[in-house]
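# Per-entry structural report
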Amino acid sequence: MARPKAKSPAPRRSGTPSGRSSQQDLYHHLCEESRNEIYLFDARTLRFIHVNRGARENLGYTLQELRRLTPLDLKPEYSRRSFARLIEPLKRGRVPHLVFETVHRRKDGSCYPVEVHLELHRSRRRAAFVAVIVDLTERRRAEQEVRVAHEKFWRLVEFAPDPTVLVDAEGRLAYVNRQAARLFGYQAAELLGQPIEILVPEDLRAVHAEHRRRYASEPAHRPMGIGLDLQGRRADGTTFPVDVSLAPLDTPDGQFVAAAIRDVTAQRRVQDELRRSEQRYRSLVRGAVYGIYRSTVEGRLLEVNPALVEILGYDSEAQVLNLDLARDVYVDPGERQRLIAEWSGGGAFRNVEAHWRRKDGSVITVLLSGRSVLDERGAVREFEVLVEDVTEQRRFEQHVQQIQRLETVGRLVGGVAHDFNNLLTVILGSTELLLETVPEGDARRSEVVEIREAAARAAALTKQLLAFSRQQPWHARVLDPNQLVASIERMARRVIGEDVELVVSLAQGVPAVKADPSQLEQVLMNLIVNARDAMPRGGRLAIATARYDVAAGEAARHPVVPPGHYATISVADTGCGMDEETRSYAFEPFFTTKEPGKGTGLGLSTVHGIVQQAGGHVWIDSEPGRGTTVTVYLPVADRDAEPEEQATGVERASPGWETILLLEDDDPVRKAARRILEHHGYTVLEARSGPEAVALAQQHQGPIHLLLADVVMPEMGGRRSAEHLAMLRPEMKVLYMSGYPERGPREEQAPEPDAPFLAKPFTVYSLGAKVREVLDQR
């Protein structure tokens with residue numbers, strides 16, 4: 001809305017002083033003495049024209065310093081742009097004034113929250129902004145204190161040691177803590193919104209309602225307790241005497257009456273025992289987050305707290321008090337006898353581990369801390385014990401230990417397999433070279449062939465060990481899970497026998513995965529053999545494929561399978577099944593439930609290693625007597641990935657003439673590799689280490705066409721050696737070899753992902769073929 005135009009001032013009368021100066025002085029005085037900060041700054045340049053004293057003192061600047069600044073200089077860097085955009089509508093006259101919250105920065109760099117009231121004033125000379133600033137620091141602190149007090153209040157009510165309810169002005173239950181719900185036998189949700197009289201016997205409800213109305217209408221005479229012998233009524237209709245303490249509460253959520261309710265059945269029985277019991281009770285509930293009990297030496301429970309009832313899985317304290325510790329609680333009564341013998345000397349004990357049985361029969365692990373209470377003669381009269389349930393903690397520790405044990409064994413197995421591969425490289429190479437010299441018909445030729453076949457079987461064993469340790473050389477390609485299952489179906493039928501029905505179900509639209517097909521075949525055959533062995537009297541074996549998408553919310557069903565898109569292959573049998581303990585050890589190496597001589601214990605551990613190397617996961621679903629289903633989750637391959645052609649083996653490698661620098665620290669392997677390369681016609685330069693290879697490359701006068709380097713070596717591995725040699729021989733090609741996988745035991749030793757690689761043990765022909773392949777590449 002446009003402001004009305006100001007009238008021209010009347011001409012001054014001679015000798016009459018104008019009142020304008022006095023008004024300006026008054027305004028200036030009010031501005032300077034204001035409790036709020038007041039700024040006046042130019043609308044065009046944004047430079048300060050005037051800043052009152054309160055603002056100067058709070059900001060720490062002098063007026064002269066401020067006149068060289070703008071409001072943007074008082075703001076943190078992140079809020080300057082938003083301020084400039086904010087005042088633009090005001091400058092253009094689109095809004096009459098602005099009120100917003102922001103942050104100001106003092107001269108010393110500290111910041112504080114403010115509320116800004118901003119208006120634009122125009123005169124004939126200039127347009128200027130007037131800003132009135134309210135410091136919000138104290139208001140924010142007060143709001144925070146209110147929020148903290150509110151949260152503390154509700155935590156106090158929820159974890160109060162006594163059953164507690166909150167009743168609104170209409171007499172309805174607005175809140176019921178867990179102790180109150182347990183006391184009356186309800187779920188807390190069942191009571192919310194119900195009249196408070198639902199907890200009172202029917203014949204006393206009218207009296208109770210009258211006293212409740214009197215309590216609400218006479219606030220000046222409110223007692224802490226309502227002064228009646230009240231009765232409580234449980235959900236099952238039984239009644240019991242209660243003592244109720246009331247207190248009015250004025251909360252941010254409204255006005256309530258808090259009622260702390262206590263079952264005083266024992267108090268009605270014997271008053272003297274109650275006084276002593278209350279003293280003991282206060283000492284017990286001091287650590288109410290833990291279970292607490294008091295018992296005789298013989299094992300009779302004298303007193304328990306709600307937390308102990310919850311730990312043992314019973315519905316009420318009365319049920320727990322009827323238990324005998326040795327007979328009903330301890331899994332092994334002898335364990336309690338040993339503990340009693342230790343505790344009978346008097347004094348305190350801490351963190352004694354024991355095994356207890358819950359109401360449902362499940363076993364839990366607890367830590368016991370407490371003290372022995374002696375009588376006048378110095379003999380143990382009773383025990384006061386604090387109980388902590390550490391079952392989940394122990395289970396987690398065992399799981400971590402199992403993982404660490406698997407990793408340790410995996411590293412050991414990987415190292416042994418690496419050394420074994422070096423030995424097999426020498427054996428295979430030497431026997432194949434020897435076969436070249438032994439003519440057909442020679443009796444010694446069959447012995448050499450047996451040595452070669454034995455070495456080949458040993459090489460297959462190292463592949464299984466490396467698969468367990470996730471260090472097997474990985475030759476992945478894009479493949480169709482349906483084709484993989486179909487390719488081994490005939491073999492599976494021969495393996496399982498005629499008394500087992502095989503059902504194969506291949507789903508439509510199963511996505512492609514990227515994995516090593518030979519190793520996935522090994523996974524499926526291991527699972528098929530395990531399923532057959534679980535059905536000694538026959539049964540049904542089902543192999544199925546499917547697409548499975550794990551959303552973030554569904555990940556809790558299978559904790560080992562993170563969200564993502566998977567192709568699954570499942571192998572299900574109708575065999576004997578496994579219990580929870582057996583499943584927990586299923587993937588450990590050398591663990592087997594089969595009879596001696598019928599299993600190595602490497603089947604599932606190998607499955608686990610191969611699938612993890614493929615980036616997948618394995619899930620076992622099994623119960624005793626209901627069979628077992630093992631599901632393999634393989635991540636979906638990239639959409640742009642094309643199926644790769646599988647390399648075909650060659651029986652003979654083409655001869656060569658080039659010069660090869662052979663870098664290998666193991667002497668027998670290096671000698672065997674040199675003989676094989678020279679057998680194929682190559683000139684070989686040998687080096688035991690990276691520095692020796694660099695020196696040899698500097699001294700050699702002719703060309704070096706190829707570096708054949710072991711990946712893992714002391715001091716300088718194959719990759720670092722290749723990097724140094726590339727500066728001397730940029731035209732030289734590189735072929736890596738190792739008994740470890742392509743990426744090596746450590747990431748920093750791994751060659752580039754697309755670098756040529758030859759896995760040990762290699763044969764005369766596989767080495768010759770790979771060298772020829774690399775040399776012939778452009």
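Residues numbered from 1 in each chain as written. Predicted model: local features only at pLDDT ≥ 70, side-chain atom pairs only at ≥ 80, totals over all residues. Heavy atoms only, no water.

## Digging into the overall build of the protein
Cut-off, in case you're wondering: Segments assigned H or I by DSSP are reported as helices when at least four residues long, segments assigned E as strands when at least two residues long, and all are numbered from the N terminus. Think of it in three bands: with a 1.4 Å probe and only protein chains considered, a residue is buried below 20% of the maximum accessible area for its type, exposed above 50%, and partly exposed in between. Contacts are assigned to residue pairs that have any heavy atoms within 4.5 Å of one another. Every accessible area reported is derived by Shrake-Rupley at a probe size of 1.4 Å, with residue values counting cover from the shown protein chains alone.
Counting secondary structure elements, the protein contains 24 helices and 27 strands. When burial is assessed residue by residue, the protein has 41% of its 778 residues classed as buried. Counting only contacts in the protein whose residues sit at least 6 apart along the sequence, the fraction spanning at least 24 positions is 57%. Surface exposure of the protein reaches about 44400 Å², of which carbon and sulfur atoms provide 51%.

## Section: the packing of aromatic side chains
This is how it is decided: Two rings from Phe, Tyr or Trp (for Trp, the six-membered ring) form a pair when their centres sit within 6.5 Å of each other. Planes less than 30 degrees apart are called stacked, planes more than 60 degrees apart edge-to-face, and all others tilted. Whether a charge sits over a ring depends on NZ of Lys or CZ of Arg being within 6 Å of the ring centre and within 35 degrees of the ring normal.
Overall, the coordinates contain ten aromatic pairs when judged by the stated rule. Aromatic pair Phe 41 and Phe 48: ring centres 6.1 Å apart, planes at 80°, arrangement edge-to-face. Across the pair, Phe 48 and Phe 41 agree in class, each one buried. Summarising the aromatic geometry, the rings of Tyr 330 and Trp 356 are spaced 5.9 Å apart at their centres and angled 65° between planes, so their arrangement reads as edge-to-face. Of this pair, Tyr 330 sits in the loop between α13 (325–329) and α14 (333–343) while Trp 356 sits in strand β13 (residues 347–357), and the two are 26 residues apart along the sequence. Following the ring pairs from residue to residue traces out a cluster consisting of Tyr 39, Phe 41, Phe 48 and Phe 129. Lying across the ring of Phe 240, Arg 234 places its NZ or CZ 4.0 Å from the centre.

## Points about the pairing of β13
Formally: Each pair of strands is called paired provided DSSP finds at least two bridges between the two strands.
In this sheet, strand β14 (residues 363–374) lies alongside β13 in antiparallel orientation, the contact comprising nine bridges. Paired with Phe 349 across the bridge in β14 is Gly 370. Hairpin geometry of β13 and β14 is characterised by an intervening segment of five residues between the two adjacent antiparallel strands and by a positive phi of about 95° at Gly 361.

## Section: the sheet that holds strand β1 (residues 37–42)
Strand pairing in a sheet relies on backbone hydrogen bonds, with the paired strands running either antiparallel or parallel. Rule in force here: To get an axis, fit a line to the C-alpha atoms, keeping to the stretch in contact for a helix; angles then go from 0 to 180 degrees between the N-to-C directions.
Strand order across the open sheet formed by five strands is β2-β1-β5-β4-β3, with antiparallel pairing between neighbours. Strands at the two margins of the open sheet, each flanked by one partner only, are β2 (48–51) and β3 (97–105). Direction aside, neighbouring strands of the sheet carry axes that sit 25° apart on average. Both β1 and strand β5 (residues 127–135) contribute to a ladder of six bridges, which runs antiparallel. Considered in β5, the bridge of Phe 41 is made with Phe 129. Along the sheet, helix α4 (residues 77–91) makes contact with β3, β4 (111–122) and β5, crossing β3 at roughly 160°.

## What to know about the sheet that holds strand β11 (residues 291–296)
If you trace the five strands from one edge of the open sheet to the other, you get β12-β11-β15-β14-β13, paired in antiparallel fashion. Two strands bound the open sheet, and with one partner strand each, they are β12 (301–304) and β13. Across the sheet, the mean angle from the axis of one strand to that of its neighbour is 25°, orientation sign disregarded. Of the pairings in the sheet, the one linking β11 to β12 comprises three bridges and is antiparallel in character. Bridging across to β12, Ser 295 finds its partner in Leu 301. Where α14 meets the sheet, its contacts fall on β11, β13, β14 and β15 (380–389), and the angle it forms with β13 comes to roughly 175°.

## Topic: helix α18 (residues 517–533)
Defined as follows: Each helix should span, by expectation, one fewer than its residue count multiplied by 1.5 Å.
The end-to-end C-alpha distance of α18, which contains 17 residues, comes to 24 Å, matching closely the 24 Å that a straight helix rising 1.5 Å per residue would cover. For α18, every residue scored as buried is listed here: Pro 517, Gln 519, Leu 520, Val 523, Leu 524, Met 525, Asn 526, Leu 527, Ile 528 and Ala 531.

## A look at the environment of Gly 93
Position of Gly 93 relative to the elements: it lies in the loop between α4 and β3. Its relative accessible area of 54% is what places Gly 93 among the exposed residues. Separated by 27 residues in sequence, Gly 93 and Leu 120 have C-alpha atoms that sit 8.4 Å apart.

## Some details on the packing of helix α22 (residues 690–699) against helix α23 (residues 718–728)
We count it as follows: Note on angle classes: values under 35 degrees are labelled roughly parallel, values over 145 roughly antiparallel, values of 65 to 115 roughly perpendicular, and the remainder oblique. Handedness of a helix crossing follows the sense of rotation of the near helix relative to the far helix, less than a right angle counterclockwise being left-handed and clockwise being right-handed. As a working rule, the residues Ala, Val, Leu, Ile, Met, Phe, Trp, Tyr, Cys and Pro are called nonpolar, Asp, Glu, Lys and Arg charged, and the rest polar, with Gly in that last group.
In the contact formed by α22 and α23, the axes pass within 9 Å of each other and the chain directions differ by 15°. Put simply, α22 runs roughly parallel to α23. As α22 runs across α23, the sense of the crossing is right-handed. Contacts between α22 and α23 pair Gly 690, Ala 693, Val 694, Ala 697 and Gln 698 from the former with Ser 721, His 724, Leu 725 and Leu 728 from the latter. Tallied by class, residues from the contact of α22 with α23 come to five nonpolar, four polar and no charged.

## Points about a nonpolar patch on the surface
The line we're drawing: Only residues above 30% relative accessible area that lack a salt bridge enter a patch, with like-charged residues linked at up to 9 Å and the nonpolar side chains Val, Leu, Ile, Met, Phe, Trp and Tyr linked at up to 5 Å. Salt bridge, as applied in this entry: a Lys or Arg side-chain nitrogen positioned within 4 Å of an Asp or Glu carboxyl oxygen.
A grouping of Leu 423, Ile 427 and Ile 451 is seen on the molecular surface, where their side chains present a nonpolar patch of about 260 Å² in accessible area. Structurally, Leu 423 is set in helix α15 (residues 391–437).

## A closer look at the pattern of salt bridges
Applying the stated rule across the entire model yields 33 salt bridges. One salt bridge in this structure joins Glu 65 and Lys 107, with 3.0 Å as the shortest N-O distance. A residue pair is termed long-range when its members are at least 10 positions apart, and Glu 65 in helix α3 (residues 63–66) and Lys 107 in the loop between β3 and β4 qualify at 42 residues. A salt bridge links Asp 667 to Arg 670, with the shortest nitrogen-to-oxygen separation between them at 2.8 Å. Taken together, the residues span about one helical turn, with Asp 667 and Arg 670 both in helix α21 (residues 667–679) at a distance of three residues. On the basis of relative accessible area, Arg 670 is assigned to the buried category, the value being 2%. Overlapping salt bridges bring together Asp 667, Arg 670, Arg 674, Glu 678, Glu 686 and Arg 688 as one network.

## Considerations on the nonpolar core
Note the following rule: We define the nonpolar core as a collection of buried residues of types Ala, Val, Leu, Ile, Met, Phe, Trp, Tyr and Cys that are connected through side-chain atoms lying within 4.5 Å of one another.
Residues Leu 527, Ile 528, Leu 541 and Ile 543 are the most contacted members of the largest nonpolar core, which totals 35 residues. Broken down by element, the residue count for this core peaks at seven residues, all from α18. One finds Tyr 314, Leu 325, Tyr 330 and Phe 383 within the second-largest nonpolar core, a separate group that totals 27 residues.

## A short note on α4
Under the convention used in this document: The arc refers to the directions leading from the helix axis to the C-beta atoms.
Taking 1.5 Å per residue, 15 residues should reach 21 Å; α4 reaches 22 Å between its end C-alpha atoms and fits that length. Among the residues of α4, those classed as buried are Ser 79, Phe 83, Ile 87 and Leu 90. Take α4 and look down its axis: the buried residues cluster within an arc of 65°, on one side only. Exposed side chains of α4 directed beyond 90 degrees from the buried face belong to Arg 81 and Arg 85. On the buried face of α4, the contacting elements are β3, β4 and β5. With its phi angle positive at about 80°, Gly 93 sits one or two positions after the end of α4.

## Comments concerning the confidence of the model for the protein
Filter applied, for reference: As a per-residue measure, pLDDT tells how confident the predictor is, with possible values from 0 to 100.
Looking at the protein as a whole, the pLDDT averages 79, with 80% of positions reaching at least 70. The least confident element of the protein, judged by mean pLDDT, is helix α10 (residues 271–284) at 59; the most confident is strand β23 (residues 659–663) at 93. Counting interchain partners and residues more than four positions distant, the pLDDT-below-50 stretch residues 1–19 has two contacts. The model gives residues 596–602 a pLDDT under 50, and that stretch makes twelve contacts with residues more than four places away or in other chains.

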